[in-house]
Structures are given as C-alpha cells and as structure tokens.
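# A closer look at the structure
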Amino acid sequence: MADLARTRHSSLARRTTGSQQAGLREFLSFRLGNDAYAVELARIREIVSSPPVTEVPRSPSDIVGICSVRGLLVTVVDLRQRLGLEVTAATKLSRILLTNTDSGEVVGLLVDEVRHVIRLSSAEIEVSGSVLGADLSDHVLGVGRPDGDFVVLLDLASMVES
Amino acid sequence: MAEGVDKAREEFFSEAQELVESLSRNLLALDTALRNKQEDPGLVNEAFRAVHTLKGLAGLFGAKRVGTLSHRLEDVLDSLRLGRLPLTEHVLDLLFRAVELYGDALSVERTRSDDPLPAIDGLIDEFARLGSEVPTGGSPLARFELDQAMLAVLTEYEEHRLKTCVEQGLLLYRVRVDFALATIDRALEEIKSRAKSHGEVITYLPTGASTGADTIELDLLLASGSSLADLEASLGNNGAIIEPIRLRRPETAPSGTSPSVRPRSLPSLPAPAPGLSLSERAPEALEPGVAAHKNIAQTVRVDIRKLDALMNVVGELAIVKNALARLGERIRAEGGRQLGSELHSIQRSFDRRLGEMQNGILEVRMVPLGQVFDRLARVVRQIGREMGKDIRLVITGAETEIDKLIVEELSDPLMHVVRNAIDHGIEVAEERLRVGKPLAGTIALNAFQKGNHVVIEVEDDGHGINEAAIVERAVALGKVHPEEVAQLARSEIFNLVFVPGLSTRKEASDYSGRGVGMDVVKTNISKLGGVIDLHSEAEIGTKLTITLPVTLAIVSALLVRVVGRVFAMPLTSVAEAITLDETQVRMLDGREVMTLRGVTLPICRLGRVFGLAPLPGAVMAKRQYVVVATLGSRRLGFAVDDLQGQQDIVIKPLGKSLSNVRGFSGATELGDQRVALVLDPAALIEEMLRGSETSRERRLGYG
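Residues numbered from 1 in each chain as written. Chains lettered and ligands numbered in written order. Predicted model: local features only at pLDDT ≥ 70, side-chain atom pairs only at ≥ 80, totals over all residues. Heavy atoms only, no water.

The next point concerns the overall build of chain B. Scanning chain B from terminus to terminus reveals 22 helices and 22 strands. Burial status across chain B gives 44% buried among its 703 residues. When contacts within chain B are restricted to residue pairs at least 6 apart in sequence, long-range pairs at least 24 apart make up 70% of them. (Helix = DSSP H or I, 4+ residues; strand = E, 2+ residues; numbered from the N terminus. Buried < 20%, exposed > 50% of the residue type's maximum accessible area, 1.4 Å probe, protein only. Contact = heavy atoms within 4.5 Å.)

This is how it looks when you write it as structure tokens:
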C-alpha cells in the first residue's frame, strides 16, 4: 500500500514538474508517413491547422510557401522534403508547428499529424543517427524509446537555421 | 528588472544622440557666424549646455568614453564662452571632430565593449595644445560708471560678456522694471526677447526696493547699440524705466577698479534679497539643460517597432472591416435589406475612423528631413575645408517630413551624392574665377512634398557632367554598343552615371572614390521605393532629383492575377495598365516586345518568369493585360491575366529563409486571410533588362 502511494506520488511529481526534473526532456511527437518523429516541445510556439498557404515562386523546393497567423508572416517548410522523405499532399490531419528562429523569422513545419507530448529521460534517448538515412542524420538528435515505442528525435535548430 | 535597465539605456542613447545633433547644429551656426565675422555668445552657451548635460548622462550610464570626451569638450567650450579662448576655424575643426567622435563613442558604448578609442585621446591632446589665453590689459569696464556692488555679483561668464560688449563699443543701459510675482516668468521672458533685438541682456538683479507685496523690481543690465529713444519705444510700454549708464569723465577715470567712486546714475544695488537664490536670478546660466528638458517634456520618445506593431493591428482591423463588409453584402443578398444597410453604415463609419487612426500613426512616424540635412552640412563643411574648396550650402525645406525609417536609410546615399558634387562638380577656385563664377561654390539641398512623395534635390553650380567622357567610358566598358551612341538621348547619357563601374575620373579621390559608385546610391534609393534622376548642363551645374514615398509603412498597390495567383504591385512604379494585343507582340533580340505609342516596350510574362503551373480546374484567361512599370528611365511591361483593383497594403518582409528569392519586396495580407506576394518591380526590371544587356555583351564578344 505504502509502495503504491509512493509510485503514485512520484508519477504525479513527474507530471507536474515535467521537464524541470533532472534528465527529463519534453518532446512533441508527430507523424510523417508511417513513422514517428519528435522535436523539443519548448521550441514550438504554437500548432495551427493549415491556413491557406501562398506559394513563393523561385523559393527552395522544400518551402511550401507563406501564410499569415493572426498577422504574423510564417514561412512554411515541408518537413518531408527537408528530411528527404517521399512527398505527399497535405490532408485534413496535417498541422503546422510554429517555431521562432534566431533571425526573428517564424518558421512553420508542415507535418502529417500531431501525436502527443512525450517525456524522455536521458536513458531513454539513444544518441545514434548513423543507423538512419544520410539526409536525415544531419538533423537527428537521436532515437527515443518511450515505452517500447520508436521515435526519431529531430534537432529543430539545425532544420530551421540552415 | 534587466529589461528596465535596458530600456533606460536605450533612452540614454537616443537622448545622447539628440544632444549630439543639437551640438552639431550649434557648431554649424557658429561656423556661419564666424564666417560673417559675427559673434553669437548664445550659441556657444547652448553648445556648452548640451555637452554638460551629455557629461552628466554619460556618468549616469557608465559611458566612460563619452564622459571623458564630454569633460574635456566642456572645458574647451567653457573657455570659449568666457573668452579665454578665441573662436577660430581650427578650434571649430576640433569641435566638429568631437561631434564625429561622439558617433563612434556612442556606438562602441552601445555594444558594451571595452575597446578604447584612441581617437578620443588624440583629440584631447589637441584640445590641451589649444591652451587657454587669459586676456590681459586694463579692464574696459572702467570707462563706465558701473556700480561695484553689481560688478561683484556678476558671474565670470557675465563679466566676460559685459567686457566683450563694451569692447565692441556697445552702450550700457539700466532697464528697471516692476514685475508682478505671479507673472514674472512670462513677463521677464518677454522683455528679454524684446531687448535681445537691440543687444544683449548681461544680467538682471532685484533692486531690493519694496514696491509692493506681490511685485518685485528688477534691474536689467543691457548692452546695446541702439539709442535711448529706440529702446524706450520698444521697451517703454512695459513700464520699464531706461537709463543710460554714463561714461566716466576722463579726469575721474580711475586706473583700476577702485571702489571709492560711486556712480551717480546707477544707485547702489544692494545684495540680492535673502529670499532670492542665485538660481532664480539666472536659471539658464546656472542650470544647464533646463531649457532642453522643458522642450522634451512635451514629447515622448517611442521605439519605432512599437509603431510597427500598432500599424500591424490597424492592418488586421482593416481585415476585420473587409470581413464585415462581406457579411453585410451576404445579409443583403439573402434578403435582410434593413439589417444589411445598418451593418453597411456601421462598417462605413468604422472605415473612416480606421483611416484616421492609420493616418495618425503614420504622422507619428514622420520626422523632418532637417535631421539628415544637419549631418550633410557637417560633411559639406569638412570636405570643403579639406579639399580647399569654399562651399556655400543652401538648404530649403528642411521641415519637410518623411518616414523615420526612410530618413535613416537616406543619410548614406545623400552623403555620397554631396561628396560627389563637391569633389567632381565644384571647380577649384582658379577655375571658377576663370569662368567668372563666384569664388564660393554653391550646393543647394531642396526638399518639398509633392502629393504622396517627397522630392529632394541636390544641386551644384559646378562644371556639369562631361557627356562625351561618360559615353566613351560606357563604350569602353561594353555597356553601350558603339552603333547605339548616336541614338542615345541626353537623359539616357546621364543615366549611364548609374551604371556600375562608371566613374568619369580616372583616379578616384579620397571622398567620392571609396568603391561606392552612383550605382549603389541608385540601388539604395530604389530599395526605399524611390526614383533618382540626374540632369546636368555644361558649365552651369548638375541637379540630382530623388523622389521618395512619404512612408514605407503603407503603400498603394495594384492587385494583379497571374495564373490564378494574386500579386500586389506598388503603384509608385506603375505608369499605366493596358490590354495586351497579342498581335502586336514581336520578338526582338530574343525577347518579346510590343510598341507603345511609338516606343518599344519589352514584355515580361510573369507566369513564365516565375514558372507558375496552372492551378487545377483553371481556365485560360481570354484577355491579358500589360502593366507598365518604370524604374528611372527604364520601362518594362508585365503581362498579367487580370487587374483586381487598387488597395492600400502593409508590406511585411519575407523571412530569412526566403532572402535569396529575388523579385519580391515582401508579402501582404489581403482581406480574405490570404497572403499575397508584393512584387519588387525595380528588382524585376533590373533582372529582365540585365538579361538583354548580357545578351548584347555576348553579341559584342562574338562580333
């Protein structure tokens, strides 16, 4: 009984203090195709469902275009293209993750579906990008294995600042 | 907390900047006065006050370099105002150098770096070499029957002014006025300003005579060249009693300042009444910066980003307004006529207020062009002196207002143009004499508003542009085909000045030849949505005209549709729009052209240039239009599918990841939540016509 209470207490503490707890990091996981990916939650300022996007002629092919989120101009990046994955059309489940860059630009990452927030201790993060494709490895922090799941952790900074 | 400190620091920098600018203005006025052999002690005094305030501020914010510079500069200015140091061209040069150094020092302080600025020490050394000459010889004041008690309470500065005035042969008067205590501030200012037109008020002291409970009697000591009658006519109606202070008779003139002689005309002045402190007596002499603070109290300093944010809100309100309008239409269409018209009238009044608000914010962003002109005046003086050319600068329209952001971007291009005018335009003295021009070259800076634009003209009375030399050089560089030379219009020849790599002088000078050509000037002006034109007459001079939009925040744009996409084109560069007659389109030099009123107009099909794929389900437009855009004297027709009307838009810059994309100056939100790209006609014209220039070069190479 006492044991149960202790477990319960610690899981509560985990939930409330979240990332502040030593070695525990929060990630937002999302889907691209059939695979799960995640980026650090603290760097995502907002999730929006696809507003009308205006294409920008002559822009790099992995930039979908620009859109406005409440007066804020957002450059929308097709994350599939940037990672060298197969490109598909946006669906009803598609979302745009907004993130601030150092240059002051707001970049939106187009993903197929937003899943949920995961918390990983450093033990659950496997730092090895070499097993993945070459295009990917530049942007990969490591692989997360929350509860037997398999999530590719992406380095947001390297993806939007490059 | 840290934010508050940063904010205070920011304010320090902008206030310091203002003080330096006011110092610069004072020095320029002093320079003019010096040339006209006049003396204006007020200007030295104001300069002194600005530096004094700056010193205090620098101390408060730990800006050591600014503090050190101010400290020494204050000493020099103090010596100047006390007459211990004569004002010469050399001293002014040093003072102007200090102004430049302030700019450097402030930017170093801003970065919070600890780099020393050796230039400051260099200048301080030169200040020290000026020394300070104490004037010798008997006091000229001895000639006047002045009350010693009054002389005793004069500040060193006042005494100096008094001596100087007497040396200039001015007469001294005592003006006695009875002031009501309640209105003394205003009344005193009024009488001082009236007296100023006759001479200089050296000091004013209370007489101590009891005239009433709520009045006070003051004696003003006035040095003036006017006669007693004139003074009485001008000051008498204020109830002032004016008496001249007599000259001593030669036999009674003492050798020194013997206190034994009591002047008869000026009754003995008692020491100031105990209740009156010295600072109340002469606020402007003892509390530097007070006058400046009074002015500032009426104004608020605002970060321009805050105004941008407000402007964004207004832009969003405009979107709400459009949505309301659409809703009104829908309600009316669905039969709710009454409700629809009510909504319509509300929307109309909303629209008006919104317009007022927008104008209000725009007005706040406006600053007078005088800010840039002051800086230019300094450059003109400096370059003129260093090149040994006597330059007279004539400024008109300094009060013309323009967007703050434009003013900041304008400084460099204008500086370059003015340098060019002095260096290449104005002849050396011997040459001017030979052709019968006045010795001093004139540079005129004129600014005025013309509709939604501000026009700035830079005019010099130099020898004009050597058209033949320009053409020769353009041919040598392959910019113009030799066969085309004969067909070049004069305006086209002048425009060659803006072609990269074209400078008519073989050797570049220190000032204009810093690798920055007129092409850069032109590019910078174009970036501001401006147009630059040049006209020159041999032996008469050159005139450069810059036309700029009043503001960058909001531009009128023409909305066009190209292959299903909407683009905005700033109206500033649109000359006209016409229907495209495909039968008129011919191929010339590998590109499409048409003839418009007898002139060949190259055509750019935007859909093709941008590689736009047709949208699914789209039908080809039956009729196309050509929007004629101009950049200086160059024209290009943009072929578009449809014209969708005019709209005021707020341009937002594209993000860094799109900074390499050419042809767009930004994006704007249309009413329906959609974003439209704003075309950059200047860049597109440049790009399209450069294409033809390279093909011409290729032809030259093979032929």
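A few words on the overall build of chain A. Along its length, chain A carries four helices and 11 strands. Put simply, chain A has 162 residues, and 44% of those count as buried. Pairs at least 24 apart in sequence give 53% of the contacts found in chain A among residues at least 6 apart. Summed over all atoms, the accessible surface of chain A reaches about 8400 Å², with 50% contributed by carbon and sulfur. (Areas by Shrake-Rupley, 256 points an atom, 1.4 Å probe, with all protein chains shown as cover.)

Attention shifts here to the confidence of the model for chain A. Here chain A averages 80 in pLDDT, and 80% of its residues register 70 or above. Note on residues 1-20 of chain A: pLDDT is under 50 here. Beyond four places in sequence and across chains, it has 11 contacts. (pLDDT = per-residue confidence, 0-100.)

Let's shift gears to the nonpolar core. Counting residues in each nonpolar core, the largest one holds 53 residues, and the members touching the most others are Phe30, Leu79 and Leu154 of chain A together with Phe567, Leu606 and Phe664 of chain B. Per-element accounting of this core gives the leading share, five residues, to helix H22 (residues 681-702) of chain B. Excluding residues that lie within four positions of it along the chain, Leu154 of chain A makes contacts with Phe30, Tyr37, Ala38, Val39, Leu79, Leu83, His139, Val140, Leu141 and Met159 of chain A. By size, the runner-up hydrophobic cluster in this structure holds 49 residues, among which are Phe373, Leu376, Phe494 and Val497 of chain B. (Core = buried A, V, L, I, M, F, W, Y, C linked by side-chain atoms within 4.5 Å.)

In this complex, chain A contributes 21 residues to the contact, which on the side of chain B involves 26 residues. Between chain A and chain B, the buried area comes to about 1900 Å², and carbon and sulfur atoms account for 58% of it. Together, Pro57, Arg58 and Leu73 of chain A form the three largest contributors to the area buried by chain A at its contact with chain B, with a combined 32%. Of the charged contacts, one joins Glu55 of chain A and Arg565 of chain B as a salt bridge, the two residues approaching to 2.4 Å between their closest N and O atoms. Our count for the chain A to chain B interface comes out at seven residue pairs in polar contact (both at pLDDT 80 or more). When contributions to the side of chain A that touches chain B are tallied by element, the ones reaching two or more residues are strand E4 (63-69) and strand E5 (72-78) of chain A. Sorting elements by how many residues they give to the side of chain A that touches chain B places E4 of chain A first, with four residues. Per-class residue counts for the side of chain A that touches chain B are 10 nonpolar, six polar and five charged. (Buried area = accessible area lost by both parts, 1.4 Å probe. Salt bridge = Lys/Arg side-chain N within 4 Å of Asp/Glu carboxyl O. Polar contact = N/O pair within 3.5 Å; in protein donor to acceptor, adjacent residues only side chain to side chain. Nonpolar A, V, L, I, M, F, W, Y, C, P; charged D, E, K, R; others polar.)

Residues and elements named next belong to chain B. Positive phi, normally seen in glycine, also occurs at Val563, with a value near 40°. Mapped onto the fold, Val563 is located in the loop between strand E12 (554-562) and strand E13 (565-570). The phi dihedral of Arg597 falls on the positive side, at around 45°, and the residue is not glycine. Residue position: Arg597 is located in the loop between strand E16 (591-596) and strand E17 (599-605). You can call Arg597 exposed: its relative accessible area is 65%.

Take the packing of helix H13 (residues 304-333) of chain B against helix H14 (residues 337-364) of chain B next. All names here are of chain B. The N-to-C vectors of H13 and H14 enclose an angle of 165°; their axes lie 9 Å apart at closest approach. Classified by the angle between their axes, H13 and H14 sit roughly antiparallel to one another. The handedness of the crossing between H13 and H14 is left-handed. Looking at side-chain class alone, the contact of H13 with H14 contains 18 nonpolar, six polar and four charged residues. (Axes fitted to C-alpha atoms, helices over the stretch in contact; angles between N-to-C directions. Parallel < 35°, antiparallel > 145°, perpendicular 65-115°, else oblique. Left-handed = near helix turned anticlockwise from the far one by under 90°.)

Our focus in this paragraph is helix H2 (residues 41-60) of chain B. Taking 1.5 Å of rise per residue, the 20 residues of H2 of chain B would be expected to cover 28 Å, and the 29 Å separating its terminal C-alpha atoms lies within 8% of that figure. Among the residues trailing H2 of chain B, Gly62 of chain B stands out with phi positive, at a value near 65°. (Expected span 1.5 Å × (residues − 1).)

For the rest of this paragraph, the subject is the sheet that holds strand E8 (residues 113-121) of chain A. Consider a sheet: its strands pair through backbone hydrogen bonds, and that pairing is either parallel or antiparallel. Residue and element names in this part refer to chain A. The strand order E8-E1-E2-E11-E10-E9 describes an open sheet built from six strands, whose pairing is mixed. Both outer strands of the open sheet, E8 and strand E9 (125-126), are each paired with one neighbouring strand and no more. Where strand E1 (residues 24-32) and strand E2 (residues 35-40) come together, six bridges link them in antiparallel fashion. What sits directly across from Ser29, in E2, is Ala38. (Pairing = 2+ DSSP bridges.)

With respect to the secondary-structure elements, Lys652 of chain B resides in the loop between strand E20 (642-650) and strand E21 (664-669). Under the relative-accessibility criterion, Lys652 of chain B is labelled buried at 12%.

Another aspect to go through is the confidence of the model for chain B. Residue and element names in this part refer to chain B. The predicted model of chain B averages 78 in pLDDT, with 84% of residues at 70 or higher. Ranking the helices and strands of chain B by mean pLDDT puts strand E22 (residues 675-679) first, with 94, and helix H10 (residues 278-281) last, with 37. Segment residues 506-515 is flagged for pLDDT under 50; beyond a separation of four residues in sequence, or across chains, it makes 13 contacts in the model.

Our next topic: the side chain of Thr101 of chain A. Positionally, Thr101 of chain A belongs in the loop between strand E6 (95-100) and strand E7 (106-111). When near neighbours in sequence (up to four residues on either side) are disregarded, Thr101 of chain A contacts Val107, Val160 and Glu161 of chain A.

Residue and element names in this part refer to chain B. Strand order in the open sheet formed by six strands is E14-E18-E19-E17-E16-E15, and the pairing between neighbours is mixed. Two strands lie at the open edges of the sheet, namely strand E14 (574-579) and strand E15 (586-588), each paired on one side alone. Taken over all neighbouring pairs, the strand axes of this sheet differ in orientation by 40° on average, direction set aside. Across four bridges, E16 lies against E17 in antiparallel orientation. Bridging from a neighbouring strand, Leu596 pairs with Val599 of E17.

Okay, the packing of aromatic side chains next. Enumeration according to the criterion identifies five aromatic pairs over all chains in this entry. One aromatic cluster in this structure is built from Phe567, Phe610 and Phe664 of chain B. (Phe/Tyr/Trp six-rings, centres within 6.5 Å; stacked < 30°, edge-to-face > 60°.)

A separate point is helix H20 (residues 518-527) of chain B. Residues and elements named next belong to chain B. Those residues of H20 that fall on the buried side of the exposure criterion are Met518, Asp519, Val521, Lys522, Ile525 and Ser526. When H20 is viewed along its axis, its buried side chains cluster within an angular range of 155° and face the same direction. Just downstream of H20, Gly529 is the residue with a positive phi angle, here 75°. (Arc of directions from axis to C-beta.)

Residues and elements named next belong to chain B. One can find Ile465 in the loop between strand E9 (453-460) and helix H18 (467-476). The exposure class of Ile465 is buried, given its relative accessible area of 18%. Along the sequence, Ile465 and Ser536 sit 71 residues apart, while their C-alpha atoms lie 5.9 Å from each other. Those residues within four positions of Ile465 in sequence are excluded, and the remaining contacts are Ile470, Phe494, Val497, Leu534, Ser536 and Thr542.

Residue and element names in this part refer to chain B. Examined against the element boundaries, Tyr157 turns out to sit in helix H7 (residues 156-167). Judged by its relative accessible area of 12%, Tyr157 falls in the buried class. Remark: the alpha-carbon pair of Tyr157 and Asn45, spanning 112 residues in sequence, is separated by 9.8 Å. In contact with Tyr157, not counting residues within four places along its chain, are Pro41, Asn45, Arg81 and Leu82.

Residues and elements named next belong to chain B. One way to put it is that H2 packs onto helix H3 (residues 64-81) with a least axis distance of 9 Å and a crossing angle of 155°. Relative to H3, H2 is oriented roughly antiparallel. Like other packed secondary-structure pairs, H2 and H3 cross with a definite hand, here left-handed. Each of Val44, Asn45, Ala47, Phe48, Val51, His52, Leu54, Lys55 and Ala58 in H2 lies in contact with H3, whose residues at this interface are Val66, Gly67, Ser70, His71, Leu73, Glu74, Leu77, Asp78, Leu80 and Arg81. Residues that form the contact of H2 with H3 fall into these classes: 10 nonpolar, five polar and four charged.

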